[in-house]
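Breakdown of the fold
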Amino acid sequence: MRLRRPPTPHHPSPTRTSITVRTTRRASLTAVGAVVASLMTLTPTTAVAASGAAAPDPLRRYTQQKLDWRPCDAKTAPAAFQCATLKVPLDYGDPGGEQLTIAVDRLRASSAEDRRGVLLFNPGGPGAPGLDLPVALEAFLPREVKRRYDLVGFDPRGIGQSSPLSCGLSPDELNFDRPYHAETFAKDVRWARTVAAKCEAAAGRKLRHITTRDTARDMDVLRAALGERKISYYGGSYGTYLGAVYLQMFPRRADRFVLDSAVDPVRYGRGTFQEMAQGTEPAFVRWSRWTARRHTTYRLGTTPAEVRETFWDIVARADRAPVVTDGGTLTGDDIRSARDVFFQERKAADWVAGLKKAAEAAEAAEPAAPAPDPELPPENTIAGLWAVMCGDTAAAWPRDPEQYRRDAVRDKARYPLYGDFASTVKPCAFWKPGSEAATEVDNDAEALILQNQWDPQTPLSAARSMHRALHGSRMVTVAGGEGHGVYGARSCADEVADDYLITGRLPAEDRTCPIVRP
């Protein structure tokens, strides 16, 4: 999750799709938990009274609403797309109270005869809007998938155009990629407290209900309002967790679920950050081996150890005097925060070689004027990230700031690139818990999990944990696959996912396949 400066150049989206699976700014992260009585109130079903007589369904006004489909804004979607809004209760325990508005769009299936239902999308986050995902995918999905499904996108509650949340955060408060330093830790604690306090003051009661479980309920209300018995689903990154929570809460209403680049449902929350730090170190070692074999090209070292020494020397130079690059003025901490680049060997080698030249030139010349930082993410995206993740998991975060200090020091030693960033204090340490406990994912639901071997945001270990939690799932691992997001990146995973969406057939067993280069 890097929100400071992206020192690597922009790279085009995969050839077949422009899916952006996000837990960050980059385009880019509890048992069913309710007793039977509360489920009768909180899910879009007809409650049955103890006498056996049908009781009024408190959600009928939502599940039976008629969506007013109209052409979308021509500036954001092709003419074939339709847009509508869905009303949902802020608090499913009080469906007669305050309402939220959920923005929805769709592209109708191209064949009425072959139509199976709806394919709902979520791009990740948490905090990422989803209206644009069907638009991005439409030109790249196989014709047979588009014949069978209405492609349906939505902005989750509190995000984008869906009753958007705002905490009034300043530009500095939006940046959560903060390294641990003893001299700045007290300032970082104040930052975390301030973000939590601002969101509480600005959103108050609404904040308790910007959670994954409530978004899953919104998905089920949308299913009912669309007149569908079941929904199919594609979710990426955090969207895999949202999909898994829906499978846990509404298993009988789930059809074909594709979970791309899966979050670990056991460690979701603080562990989501920490897994990124843990997964970076093997990628960094792999990159150093690859680069050492190409010393004549990159001049970074003839052995992996020499390559790593060169990198850390650049970091030390940047700590003494920031390095000016086309992507901004980079300190050593900025360079470390770019840990995800090391999951793509060639791009990382090009970048580090460029940093080395820039650092050497800076020592031999007059200091250059700092390059401007890129625009920070929208405030709603960051407010949404904290609202959802902290609301889901606040009870699991330590309340003592000194625990974060100790953990950051420990993990910087264990995982030098990103360990302190991952384990230092976050606003969740001071967040009030959401309206209910997070969901324990543990069921027999069928799903297809797609995972790259070298994923910078959700490592392979996270997808394996999701696979264990969903006992009926199958997993396709792309050996050598780099980057965050699998579907559409020209591997055998595409064929498996296409076949599953079209026929409903999961592979007989898990598969591992090689990446196919363009």
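Details of the structure are given in the entry above.
Rules used in this analysis
- Residues numbered from 1 in each chain as written.
- Predicted model: local features only at pLDDT ≥ 70, side-chain atom pairs only at ≥ 80, totals over all residues.
- Heavy atoms only, no water.
- Salt bridge = Lys/Arg side-chain N within 4 Å of Asp/Glu carboxyl O.
- Helix = DSSP H or I, 4+ residues; strand = E, 2+ residues; numbered from the N terminus.
- Buried < 20%, exposed > 50% of the residue type's maximum accessible area, 1.4 Å probe, protein only.
- Core = buried A, V, L, I, M, F, W, Y, C linked by side-chain atoms within 4.5 Å.
- Contact = heavy atoms within 4.5 Å.
- Pairing = 2+ DSSP bridges.
- Polar contact = N/O pair within 3.5 Å; in protein donor to acceptor, adjacent residues only side chain to side chain.
- Expected span 1.5 Å × (residues − 1).
- Disulfide = S-S within 2.5 Å.
- Right-handed = clockwise from strand over helix to strand, strands pointing away.
- Axes fitted to C-alpha atoms, helices over the stretch in contact; angles between N-to-C directions.
- Parallel < 35°, antiparallel > 145°, perpendicular 65-115°, else oblique.
- Left-handed = near helix turned anticlockwise from the far one by under 90°.
- Nonpolar A, V, L, I, M, F, W, Y, C, P; charged D, E, K, R; others polar.
- Phe/Tyr/Trp six-rings, centres within 6.5 Å; stacked < 30°, edge-to-face > 60°.

Turning to the pattern of salt bridges, a few remarks are in order. Scanning the model with the defined rule gives 36 salt bridges in all. Between Lys 198 and Glu 173 there is a salt bridge, and its shortest N-O distance comes to 2.8 Å. One end of the pair, Lys 198, is in helix 6 (residues 185-203); the other, Glu 173, is in helix 5 (residues 171-174), and 25 residues separate them in sequence. The class for Glu 173 is buried, based on a relative accessible area of 12%. We note a salt bridge from Lys 356 to Glu 360, for which the minimum N-O separation is 2.9 Å. You can see Lys 356 and its partner Glu 360 sitting in helix 13 (residues 345-364), four residues apart, about one turn around the helix. The network of salt bridges with common partners includes Asp 114, Arg 143, Glu 144, Arg 147 and Arg 148.

Moving on to the nonpolar core. Within the largest apolar cluster, 90 residues are counted, with the highest numbers of intra-cluster contacts made by Leu 86, Trp 386 and Trp 431. Those residues in contact with Trp 386, other than ones at most four positions away along the chain, are Phe 176, Trp 191, Val 195, Phe 273, Gly 391, Lys 426, Pro 427, Cys 428 and Trp 431. Within the second largest apolar cluster, 28 residues are counted, among which are Phe 81, Val 145, Val 496 and Tyr 500.

The 10 strands lie next to each other as 1-2-3-5-4-6-7-10-11-12, forming an open sheet whose pairing is mixed. Two strands in the sheet have a free side with no partner beyond their single neighbour: strand 1 (70-71) and strand 12 (511-514). Where strand 4 (residues 117-122) lies against strand 5 (residues 149-154), four bridges are found, and the strand directions are parallel. Residue pairing for strand 5: Val 118 is matched across the bridge by Asp 150.

Moving on to the pairing of strand 2 (residues 82-89). Bridge count for strand 1 against strand 2 is two bridges, and the pairing is antiparallel. Bridge pairing in strand 2 places Pro 71 opposite Gln 82. Pairing between strand 2 and strand 3 (residues 99-107): eight bridges, direction antiparallel. When the sheet's bridge partners are listed, Thr 85 is paired in strand 3 with Ala 103.

With that settled, the discussion passes to the side chain of Thr 325. One can find Thr 325 in strand 8 (residues 323-325). Polar side-chain contacts of Thr 325 include one of 2.9 Å to the backbone oxygen of Gly 328.

Attention shifts here to helix 14 (residues 379-393). Residue pairs spaced three or four apart in an α-helix point in one direction, given the helix's 3.6 residues per turn. Over its 15 residues, helix 14 runs 21 Å from end to end, which matches the ideal 21 Å to within 8%, given 1.5 Å per residue. Taking burial as the measure, the 15 residues of helix 14 include 15 buried ones, the bulk of the element.

Moving on to the state of the cysteines. Under the defined criterion, the tally for this structure stands at four disulfides. Note that Cys 72 is cross-linked by a disulfide to Cys 83, the S-S spacing being 2.1 Å. With the S-S bond torsion at 105°, the cross-link from Cys 72 to Cys 83 turns out right-handed. Here Cys 72, found in the loop between strand 1 and strand 2, pairs with Cys 83, found in strand 2; they are 11 residues apart in sequence, far enough to count as distant.

A large share of strand 7 (residues 254-260) lies buried, amounting to six of its seven residues. Sheet analysis places strand 6 (residues 231-236) next to strand 7, joined by five bridges and oriented parallel. Across the sheet, the residue bridging to Gly 236 is Asp 260, located in strand 7. A crossover links strand 6 with its parallel partner strand 7, the connecting element being helix 8 (residues 238-249), and its sense is right-handed. As paired elements, strand 7 and strand 10 (residues 443-454) share three bridges and run parallel to each other.

Turning our attention to the packing of helix 7 (residues 212-225) against helix 8. Between helix 7 and helix 8, the least distance of the axes is 9 Å, while the angle of their chain directions is 70°. Classified by the interaxial angle, the pair formed by helix 7 and helix 8 is roughly perpendicular. Considering only the axes of helix 7 and helix 8, their crossing is right-handed. Contact residues: helix 7 offers Thr 212, Arg 213, Thr 215, Ala 216, Arg 217, Met 219, Asp 220 and Arg 223, while helix 8 offers Tyr 238, Tyr 241, Leu 242, Val 245, Tyr 246 and Met 249. Among the residues forming the contact of helix 7 with helix 8, the class breakdown is eight nonpolar, two polar and four charged.

Ring pairs (aromatic) are described by centroid distance and by the angle formed between their planes. A complete count under the given rule lists 23 aromatic pairs for this structure. Both rings, one in Phe 273 and one in Trp 386, keep their centres 6.3 Å apart while their planes meet at 20°; by these two values the pair is stacked. Here Trp 386 lies in helix 14 and Phe 273 lies in helix 9 (residues 270-292), a separation of 113 residues in the sequence. You'll find Phe 273 and Trp 386 in the same group, each marked buried. Centre to centre, the rings of Phe 284 and Phe 342 are 5.1 Å apart; their planes meet at 85°, and the pair counts as edge-to-face. Taken together, the positions of Phe 284 in helix 9 and Phe 342 in the loop between helix 12 (332-337) and helix 13 put the pair 58 residues apart, joining distant regions of the chain. The class for Phe 284 is buried, based on a relative accessible area of 3%. For Phe 342, a relative accessible area of 0% translates into the label buried. Taken together, Phe 284, Trp 287, Phe 311, Trp 312, Phe 342 and Trp 351 form an aromatic cluster joined through their ring pairs.

Looking at the element boundaries, Tyr 241 is found in helix 8. By relative accessible area, Tyr 241 is classed as buried at 1%. With sequence-adjacent residues up to four places away left out, Tyr 241 is seen in contact with Thr 212, Val 263, Pro 265, Tyr 268, Asp 392, Ala 438, Thr 439 and Met 466.

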